[in-house]
Amino acid sequence: MHPTRLTAAVTALALSASLATVLAGTASAAPQAQPVPPGHGKSLALAAADTAAASGLDELRHGADEELVRTSVTPWANGLYYAAYQRTYKGLPVHGGGDAVVLSDSSGKVRDVTGAAAPALRLSTSAKVTAVAALATARGQLAAVESASAPELTVLLKAGKPVLAWHTLVVGRTAKDLPSSLDTYVDARTGKVAQATDKVRHADGRGYHNGNVTIDTAASSMTDTSRGSFKCGGQNGSAYTGSSPWGNGGANDLVTACVDIMYAAQRESNMLKEWFGYNGINGQGGMVPARAGLSEVNAYYDGTKTTYGRNQNGTNQLTGIDVVAHEYGHEIFDRTPGSAGSSNENGGMNESTGDIFGALTEHYANNPNDTPDYTVGEELNFTGNNQPIRNMYNPSLINNDPNCYPQLSSGTEVHAAAGPQNHWFYLLAEGSNPGGGKPNSPICSGGPSSVTGIGIQKAGKIFMGALLLKTSSWNHLAARRATLTTAKNTYGATECNAVKAAWNAIGVPAQSGETDCGGTTTPDFSLSLNPSSGSAQPDTSVTATVNTSTTGGSAQTVQLSASGAPSGVNVSFNPASVTSGNSATMTVKVAAGTPNGTYPITVTGTGSATHTVTYQLTVGTTTPPTGCDDTEYTYQGTLASGQAAAQPDGSYYYAASAGTHVGCLRGPAGTDFDLYLQKWNGAGWADVAVGGTAGADEDTSYYGTAGYYRYVVHAYSGSGAYTLGLSAP
């Protein structure tokens, strides 16, 4: 039995509400479907997202040895769900490209897909360098190492080329005694560092006391178990101990510094939940711990903690609301899909994200000791001239930072590169001429004559939603597209047009395929395949269902076509065109003499827009095994090693009375296939019977009460065709 592998494999198997949705092969019959279980809205959304990922819809295209594995789900307003996917190659995670996000709704429609570009992968997954040797190389980059994660074998996309590499995070100090957190990839063939990116993000300045405030702590230590054991203490990593009231209000008292830190971080966490419906800093209710008392003019986030030092003159600690919220803004950027990238543009947007969450937290906290504004570190007096370190409404006022996107270059320093997105956010929130004592904001050349703001809370929610569409190739162009998608689906045309105007005002151009801010009548459709792969011997054929759905406007005619089929393979559709919302049968006929191999076939749907999905055809595999003739229903499919499939037909069945459920699995010789019978418990699928021997064949028998059931077939090791037989009460 292999529970760990099963858990990973079925993460992407969602409940489908329709037995007509075919996931892996055809059935001779099907048990009774009956009504949909409670909670089906989320299940429909995830089923649609998973089907899009498996089908390779548009930007989700991937090769035969690759999978998109769902890694997180974030619920959103209006019944929307963001599902993030990690690309894998022969079971190894792929970093630096190929990751994706699908936005879908509770009716089972895909609203948007976004994916980081990645080339077709082909490389050996056999490492010549051991994990121990790779870790030693990674640790050798730093003069002093505080911690290092266990190396994980991955595929790194470097300059568009795949490199087999060991991945580890090394935290410590450089030879110049500077803090460092190196996200490191060591080439698993040569043993050399292939790529190392410092995750430390700095914010220079000094902090101040927020007055008498309420914070959440344990009775005798500065820990907050309600937020994932968040804690604050000194440089040794231990939480300060004592009792309430914490601190003495002194400018350089470190317990007082932790009061400021915990106050700001907790307000930020509350703001995310109350304003945006997002579960805290890391999306799971928690945040990294904090350390005060760094004897440097610095504050930073390194992927494992936030750290705060002092100002230039040593008269205050760097614990202001916007400084603390800025550092935890880096964690938000790091923990949302796509994580943090390595380019200057991506780094500038990371810095801007910190600034935006600093402004949002100030406005949410509305502390009289720190009037909400759109400047960064305005009370720090870092350079002695009483100036902030960044300005969001007019970035050029500080160090002549760029206001406009066209001013950026690959050499723009990351803090300066925060300017354009900071400027965009102010324009979206407040507008170019907000009045009420708020500063005016300039518009870049070629922009609109003016921009009307929508308020900081709406602007913040749109920005947060866009981060949930982030991929590893995040840049200003992708952010424009993501914020438009979020604005339209969260609010509507007015807010969407305001987002567009703000991007136009800083010179970020319109993008192909971006959301139309017009009414909800803009026609569009989605496309999927079930199954998305199949196998056939020469001189035989295999079929799949092409499903379409209307995602905008009225139903429309969708013309179906195929390309990329190898010589000797013919693809036809019946019917050749469908009205969106209907399905067609795709028949792939393999002629005698067609060489064995795996071939990607692109299926295109053409209507008011064009969408593509990918069918993986394998020629020359063995036919599905036999041996389950005594069961009522028979299902067949093909799985690659590590994959899983839900049956019947990617869905579930309903048993109206108590009785015995019999499962019979016959897998390809020499493999290890497992069988799981699961029952819906009102919140999720729970295993009730398992066939988990180290072989290809499994048999299960379970006596259960009435309810919803499904089988999951898991290819623990080995690939090929299988047959599943089942009998139900």
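This section reports on the structure supplied with the text.

**Let's talk about the overall build of the chain**
Helix and strand counts for the chain stand at 10 helices and 36 strands. For the chain, whose C-alpha radius of gyration is 28 Å, the value lies close to the compact-globule estimate of 27 Å for 729 residues. Every one of the 729 residues in the chain was classed for burial, and the buried ones make up 56%. When contacts within the chain are restricted to residue pairs at least 6 apart in sequence, long-range pairs at least 24 apart make up 68% of them.

**Comments concerning the pattern of salt bridges**
According to the stated counting rule, one finds 19 salt bridges in the structure shown. Linked through salt bridges whose partners overlap, the residues forming this network are Glu146, Arg291, Asp302 and Lys305.

**Remarks on the nonpolar core**
Ranked by size, the top nonpolar core spans 86 residues in total, and within it Phe276, Tyr328, Phe357, Phe425 and Met464 carry the most contacts. In terms of residue count, helix 4 (residues 254-276) provides more of this core than any other element does, 12 residues in total. Ignoring any residue separated from it by four or fewer positions in sequence, one finds Phe425 in contact with Ile356, Leu360, Tyr374, Met392, Ile456, Ala459, Gly460 and Phe463.

**Some words on the sheet that holds strand 28 (residues 633-639)**
Within the open sheet, the four strands sit side by side as 28-36-31-34. Their pairing is antiparallel. Two strands in the sheet have a free side with no partner beyond their single neighbour: strand 28 and strand 34 (697-704). Geometrically, the sheet is characterised by an average inter-axis angle of 15° between neighbouring strands, direction not taken into account. Summarising the sheet, strand 31 (residues 659-666) and strand 36 (residues 720-727) pair through five bridges and their orientation is antiparallel. For Val662, the partnering residue across the bridge sits in strand 36 and is Ser727.

**Describing the environment of Thr557**
Of note, Thr557 is situated in strand 22 (residues 557-563). Taking the C-alpha atoms as reference, Thr557 lies 41 Å from Leu156; in sequence the two are 401 residues apart. Discounting chain neighbours no more than four positions away, the residues touching Thr557 are Ser577, Val578, Thr579, Thr606 and Gly607.

**A short note on the state of the cysteines**
In the structure shown here, the tally under the stated rule is four disulfides. Through a disulfide, Cys232 is tied to Cys258; the S-S separation comes to 2.0 Å. Where Cys232 bonds to Cys258 through sulfur, the torsion about that S-S bond is close to -75°, and the disulfide is left-handed. Residue Cys232 is located in strand 13 (residues 230-233), and its partner Cys258 is located in helix 4; the two are separated by 26 residues in the primary sequence. As far as the burial class goes, Cys232 and Cys258 line up, both buried. The disulfide that involves Cys628 links it to Cys664, with 2.0 Å between the sulfurs. Where Cys628 bonds to Cys664 through sulfur, the torsion about that S-S bond is close to -80°, and the disulfide is left-handed. Taken together, the positions of Cys628 in the loop between strand 27 (610-619) and strand 28 and Cys664 in strand 31 put the pair 36 residues apart, joining distant regions of the chain. Exposure class is identical for Cys628 and Cys664. Each is buried. Look at the chain and number its bonded cysteines as they come in the sequence; the links are 1-2, 3-4, 5-6, 7-8.

**Some thoughts on the pairing of strand 36**
Burial within strand 36 is extensive, with eight of its eight residues counted as buried. Summarising the sheet, strand 28 and strand 36 pair through seven bridges and their orientation is antiparallel. Bridging across to strand 36, Gly637 finds its partner in Tyr722.

**Brief notes about the sheet that holds strand 19 (residues 524-530)**
Pairing in this open sheet of four strands is antiparallel, and the strands run 19-21-25-23 from one edge to the other. Only two strands of the sheet have a single neighbouring strand rather than two, namely strand 19 and strand 23 (569-574). Between one strand axis and the next, the sheet turns by 25° as a mean value, whatever way the strands run. Relative to strand 25 (residues 583-590), strand 23 is paired through six bridges, and the arrangement is antiparallel. Its bridge partner being in strand 25, Ser572 is matched across the sheet by Thr587.

**Some remarks on the packing of helix 8 (residues 456-467) against helix 9 (residues 476-490)**
Two elements in contact, helix 8 and helix 9, have axes separated by 8 Å at closest approach and are oriented at 120°. The orientation of helix 8 relative to helix 9 falls into the category oblique. Here helix 8 runs over helix 9; the crossing is right-handed. Residue-level inspection shows Lys461, Ile462, Gly465 and Ala466 of helix 8 in contact with helix 9, the latter providing Ala482, Thr483, Thr486, Ala487 and Thr490. A breakdown of the residues in the contact of helix 8 with helix 9 according to their chemical character gives four nonpolar, four polar and one charged.

**Remarks on the packing of helix 6 (residues 344-365) against helix 8**
Their axes nearest at 11 Å, the elements helix 6 and helix 8 cross at an angle of 145°. For the crossing formed where helix 6 meets helix 8, the hand is left-handed. Side by side, helix 6 and helix 8 meet where Thr353, Ile356, Phe357, Ala359, Leu360 and His363 of the first sit next to Ile456, Gly460, Phe463, Met464 and Leu467 of the second. Residue classes in the contact of helix 6 with helix 8 are distributed as eight nonpolar, three polar and no charged.

**Details of unusual backbone geometry**
Cis peptide bonds are those with omega within 30 degrees of zero, and the linkage from Asn530 to Pro531 qualifies with -5°. Examined against the element boundaries, Pro531 turns out to sit in the loop between strand 19 and strand 20 (533-536). Omega for the peptide link from Gln647 to Pro648 comes to 10°, which places this bond in the cis form. Relative to the helices and strands, Pro648 is located in the loop between strand 29 (644-647) and strand 30 (653-655).

**Considerations on the side chain of Glu66**
Relative to the assigned elements, Glu66 resides in strand 1 (residues 66-75). Exposure remark for Glu66: the relative accessible area of 6% places this residue in the buried category. Within the structure, Glu66 has its side chain in polar contact with the side chain of Arg87 (distance 2.7 Å). With near-sequence residues (within four places) excluded, Glu66 lies in contact with Arg87, Thr88, Tyr89, Pro119, Ala120 and Leu121.

**A short note on the side chain of Asn367**
Locating Asn367 in the fold gives a position in the loop between helix 6 and strand 17 (375-376). Within the structure, the side chain of Asn367 is placed 2.7 Å from the backbone nitrogen of Asn369, a separation counted as a polar contact.

**Some remarks on helix 7 (residues 419-430)**
Taking 1.5 Å of rise per residue, the 12 residues of helix 7 would be expected to cover 16 Å, and the 16 Å separating its terminal C-alpha atoms lies within 8% of that figure. A large share of helix 7 lies buried, amounting to 12 of its 12 residues. Summarising the contacts, the buried residues of helix 7 are in contact with helix 6, helix 8, helix 9 and helix 10 (493-505). Of the residues flanking the end of helix 7, it is Gly431, one or two places downstream, whose phi is positive at about 90°.

**As for the environment of Phe425**
Note on placement: Phe425 falls in helix 7. Take Phe425: its relative accessible area is 0%, and that puts it in the buried class. Here the alpha-carbon distance between Phe425 and Gly460, two residues 35 residues apart in the chain, equals 8.3 Å.

Analysis parameters
Along each chain, the written sequence defines residue order, and numbers are assigned to residues from 1. Residues qualify for local features only when their pLDDT is at least 70, as the model is predicted, and side-chain atom pairs are given and counted only at 80 or more; totals for whole chains, interfaces and linings, by contrast, use all residues. Neither water nor hydrogens contribute to the side-chain values; these are computed over all heavy atoms in the structure. Helical segments are the DSSP runs of H or I of at least four residues, strand segments are the runs of E of at least two, and each set is numbered from the N terminus. Between the two quantities, the radius of gyration covers C-alpha atoms and the globule rule is 2.2 Å times the number of residues to the power 0.38. Residue exposure (1.4 Å probe, protein chains only): buried if accessible area is under 20% of the type maximum, exposed if over 50%, otherwise partly exposed. Contacts: residue pairs with any heavy atoms within 4.5 Å of one another. Whenever Lys or Arg places a side-chain nitrogen within 4 Å of a carboxyl oxygen from Asp or Glu, that contact is recorded as a salt bridge. We call a set of buried Ala, Val, Leu, Ile, Met, Phe, Trp, Tyr and Cys residues a nonpolar core when their side-chain atoms join them within 4.5 Å. Two strands are counted as paired when DSSP detects at least two bridges linking them. For helices, the fitted axis covers only the stretch in contact; all axes are lines through C-alpha atoms, and the angles between them, taken along N-to-C directions, range from 0 to 180 degrees. Cysteine sulfur atoms that pair up within 2.5 Å are treated as a disulfide. Roughly parallel means an angle under 35 degrees; roughly antiparallel, over 145; roughly perpendicular, 65 to 115; everything else is oblique. Helix crossings fall into two classes, left-handed where the near helix is turned counterclockwise from the far one by less than a right angle and right-handed where it is turned clockwise. Ten residue types, Ala, Val, Leu, Ile, Met, Phe, Trp, Tyr, Cys and Pro, are classed as nonpolar, four, Asp, Glu, Lys and Arg, as charged, and the remainder, Gly among them, as polar. Under this definition, polar contacts are N or O atom pairs within 3.5 Å; protein pairs additionally need one hydrogen-donor-capable and one acceptor-capable atom, and for neighbouring residues in sequence, both atoms have to be side-chain atoms. In this scheme, a helix's expected span is set at 1.5 Å multiplied by one less than its residue total.

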